[in-house]
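Inside the fold
Listed below, chain by chain, are the residues.
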Amino acid sequence: MFTLLRNAALCSLWPKIDLSAINRRALTTTIRLLKNLDDKVSFPGATESHFTTEMQFIHNIAPIPTYRVMDLHGKAIDPTQEPQVSKEFAVKIYKDMITLNTMDLILYEAQRQGRISFYMTNYGEEAYIGSAAALDSQDVIFGQYRESGVLLYRGFTLDNFMNQCYSNEKDIGKGRQMPVHYGSKELNFQTISSPVATQLPQASGAAYALKRSGKKNCIMCYFGEGSASEGDFHAALNVAATMKCPVIFFCRNNGFAISTPALEQYKGDGIASRGIGYGIDTVRVDGNDVWAVYNATKVARQLSVEEHRPVLIEAMTYRVSHHSTSDDSFAYRSKKEVEYWKQLDNPIVRFRKWLEDKNWWNELEENSFRTSIRKEVLSAFSKAEKLLKPSITDLFNDVYDRPPQSIVDQRQKLKTLIEKYPENYPLKNYKNEGKDL
């Protein structure tokens, strides 16, 4: 109707209007609109796309480069990328790497002797401690289960580690978790849980809450490349990107999702390419290079805290150890392959060479520290092993402010069973011997 009225009005004014001018302007406008349509997509689902007459199925893009600072001999490749840090700062990182390695050796053997039920080592992945060094102590960490070094850097003591692995009366978690499932409210480290990838969407949600609070901190979320095959990974990255959450997703790509090699797990360009797909700032680094990890995390934190931009870091490394004490990795890879990687690129050895080149470390200090830290680890181990288990009442505490009747009934039932079959309950091994039940 509007078009008809407009045309009628134009006809009534015919003698007064230069239609050739109108037609020229209309043609110019139309051409401009068509040109814009030819160049750039205006659909809301892909506003950065451009139109083309060439049909192209994209199979892959150029591989994402891997950022590194040091070569395999601990030499800075580009001096401008070498962080300006103090001797004390660098030596602390190195000592934590050795401490972690020493603790792993002792606790792994302890599990094999039946003294603890489970353990996971960090062999070959110690350089991720560099990421902890780049964070603020108030940044909240969501770990997977190979982040012991992060806790160590933040101040989790050898006694804390041993008490948790033994689930004794001084265990912060009160014996409610498997070994290596650490947590510390004091150190802003969320308690680890076994299910794969559950920490990822939790991290996005926590980051959004942190953003709303106005605090100048971020969330650091660690996970392995196997977790990226879970749906939680995709949900977490999409939420973080669309809600502009201050979170760093740190992927330890160590080549194996338990027994599944990376080549059988995914076809694309690692995990980093997925971050780009979600519109997230992404970088791939040499995960055996402490300073590459440190530099990348430091910049990622700035982006997250100052600009509320989520970041994905893919740290490329190799899992020298078995997945856990429940795994025999030689069932799916050769011993020769593992030995090759041990000789090719040990992150501890690489960092030691860097320190020695600076004259910040030497053979005497190496031998002295390794001897002393082994004694400290064994001392903490021995103390933890002798402590009692937590009180039986801790089975029922801390979940509810006021226990509901169902919990009260369960507690009474356990007490009745213990009284009826005392030979089946070694109460002498538990704090208070069940007298507070």
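The rules we used
Residues numbered from 1 in each chain as written. Predicted model: local features only at pLDDT ≥ 70, side-chain atom pairs only at ≥ 80, totals over all residues. Heavy atoms only, no water. Pairing = 2+ DSSP bridges. Helix = DSSP H or I, 4+ residues; strand = E, 2+ residues; numbered from the N terminus. Contact = heavy atoms within 4.5 Å. Buried < 20%, exposed > 50% of the residue type's maximum accessible area, 1.4 Å probe, protein only. Salt bridge = Lys/Arg side-chain N within 4 Å of Asp/Glu carboxyl O. 1 Å grid on protein atoms, 1.4 Å probe; cavity = no way out; pocket = protein on both sides within 12 Å on 5 of 7 lines; lining within 4 Å. Points joined across faces, edges and corners; volume = space filled by probe spheres on them. Nonpolar A, V, L, I, M, F, W, Y, C, P; charged D, E, K, R; others polar.

Moving on, we come to the sheet that holds strand β4 (residues 247–253). Spatially, β2-β1-β3-β4-β8-β7 is the arrangement adopted by the six strands of the open sheet, whose pairing is parallel. Across the chains shown, the open sheet's two edge strands, defined by having one partner strand only, are β2 (189–190) and β7 (281–286). Note: β7 against strand β8 (residues 311–316), six bridges, orientation parallel. Considered in β8, the bridge of Val-283 is made with Ile-313.

One can find Lys-244 in the loop between α8 (231–242) and β4. Between the C-alpha atoms of Lys-244 and Arg-309, which are 65 residues apart in sequence, the distance is 5.4 Å. Contact partners of Lys-244, with chain neighbours within four places excluded, come to Lys-211, Val-239, His-308 and Pro-310.

Here Glu-147 lies in the loop between β1 (140–142) and α5 (148–154). Look at Glu-147 and you get buried, because its relative accessible area is 1%.

A few words now on the pattern of salt bridges. Applying the stated rule across the entire model yields 26 salt bridges. Among the ionic pairs, Asp-345 bridges to Arg-350, the shortest N-O distance being 2.7 Å. Connected through salt bridges with shared partners, the residues Arg-68, Asp-286, Asp-289, Asp-345 and Arg-350 form a single ionic network.

Counting across every chain of the model gives one cavity of 30 Å³ or more. Counted as a void, the largest cavity has a volume near 40 Å³. Lining the largest cavity, in full, are Glu-125, Tyr-128, Phe-250, Arg-252, Gly-287, Ala-315 and Thr-317. In the lining of the largest cavity, the residues fall into three nonpolar, two polar and two charged.

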